Amino acid sequence: MKNSLFENEVCETEHEHSDAVQKVKAMMPDEDELYEIAELFKVFGDSTRVRILSALFCSELCVCDICAVLNMNKSAISHQLRVLRQTKIVKSRREGKEVFYSLDDEHIEKIFKMAKDHLAE
């Protein structure tokens, strides 16, 4: 008896389309690049970091501002900002005794917007 849940998800015969396989293998990024892409997506996998990014889309903010917007403590926010900075998703600038954060470049906003658009479909 077939499991109807998986019936349409697996080929019923063993047959490799070698032309397609070779074409895709030639086009795929190397393993190091795929690893880096996976690491980038891991960073987006934390809701606190996504909330920080959402706030930074609106405006450049200092740590205290981010804490107030997200109703979180400075230690938790600083830890997440460190991760975002290390992965070049946000950048910082010092102004006197304050450090302000903003998105590193427009690519980050595009990734975030694409995710929102995808979920809205």
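Structure's up top.
Residues numbered from 1 in each chain as written. Predicted model: local features only at pLDDT ≥ 70, side-chain atom pairs only at ≥ 80, totals over all residues. Heavy atoms only, no water.

K.L.:
Is there a simple way to explain the packing of aromatic side chains in this structure?
P.N.:
In this description, a pair of aromatic rings is defined by centroid distance and the angle of the planes. Scanning the entire structure with this criterion turns up one aromatic pair. Ring geometry for F57 versus F112: centroids 4.4 Å apart, planes at 55°, classification tilted. Remark: F112 occurs in helix 6 (residues 106-120) and F57 occurs in helix 3 (residues 47-58); sequence separation between them is 55 residues. (Phe/Tyr/Trp six-rings, centres within 6.5 Å; stacked < 30°, edge-to-face > 60°. Helix = DSSP H or I, 4+ residues; strand = E, 2+ residues; numbered from the N terminus.)

K.L.:
Please explain the sheet that holds strand 1 (residues 61-62) as it appears in this structure.
P.N.:
To summarise the sheet geometry, strands pair through backbone hydrogen bonds and adopt either a parallel or an antiparallel arrangement. Spatially, the three strands line up as an open sheet ordered 1-3-2, and their pairing is antiparallel. The open sheet is flanked by strand 1 and strand 2 (90-95), the only strands paired with a single partner. Here strand 2 runs beside strand 3 (residues 98-103); their pairing, made up of six bridges, is antiparallel. Within strand 3, the position partnered with R93 by the bridge is F100. Relative to strand 2, helix 5 (residues 74-86) is tilted by about 115°, and along the sheet it contacts strand 2 and strand 3. (Pairing = 2+ DSSP bridges. Contact = heavy atoms within 4.5 Å. Axes fitted to C-alpha atoms, helices over the stretch in contact; angles between N-to-C directions.)

K.L.:
How should I be thinking about the side chain of T48 in this particular structure?
P.N.:
Take T48: it is sitting in helix 3. For T48, a relative accessible area of 15% gives the class buried. Filtering out sequence-adjacent residues up to four positions away, T48 remains in contact with L70, M72 and Q80. (Buried < 20%, exposed > 50% of the residue type's maximum accessible area, 1.4 Å probe, protein only.)

K.L.:
Looking at this structure, I do not really get the packing of helix 3 against helix 5. What am I missing?
P.N.:
Any two packed helices are characterised by how steeply their axes cross, that is the angle between the axes, and by the distance between the axes. Put simply, helix 3 and helix 5 touch, their axes get as near as 10 Å, and they point 80° apart. By the angle between their axes, helix 3 is roughly perpendicular relative to helix 5. Each of T48, R49, I52 and L53 in helix 3 lies in contact with helix 5, whose residues at this interface are I77, Q80, L81, V83 and L84. Of the residues contributing to the contact of helix 3 with helix 5, the split by class is six nonpolar, two polar and one charged. (Parallel < 35°, antiparallel > 145°, perpendicular 65-115°, else oblique. Nonpolar A, V, L, I, M, F, W, Y, C, P; charged D, E, K, R; others polar.)

K.L.:
Even after reading the chapter, I still don't get the pairing of strand 3, so can you show me in this structure?
P.N.:
Side-chain direction in a regular strand flips from residue to residue, so the side chains alternate between the two faces of the sheet. By the bridge criterion, two bridges tie strand 1 to strand 3 in an arrangement that is antiparallel. Bridge pairing links C62 to F100 in strand 3. Hairpin connection, strand 2 to strand 3: the antiparallel pair is bridged by two residues, and G96 has positive phi, about 65°.

K.L.:
Can you walk me through unusual backbone geometry in this structure?
P.N.:
Negative phi is the rule for most residues except glycine; trans is the rule for most peptide bonds. The backbone of N71 sits at a positive phi, close to 55°, despite the residue not being glycine. Of note, N71 is situated in the loop between helix 4 (63-70) and helix 5.

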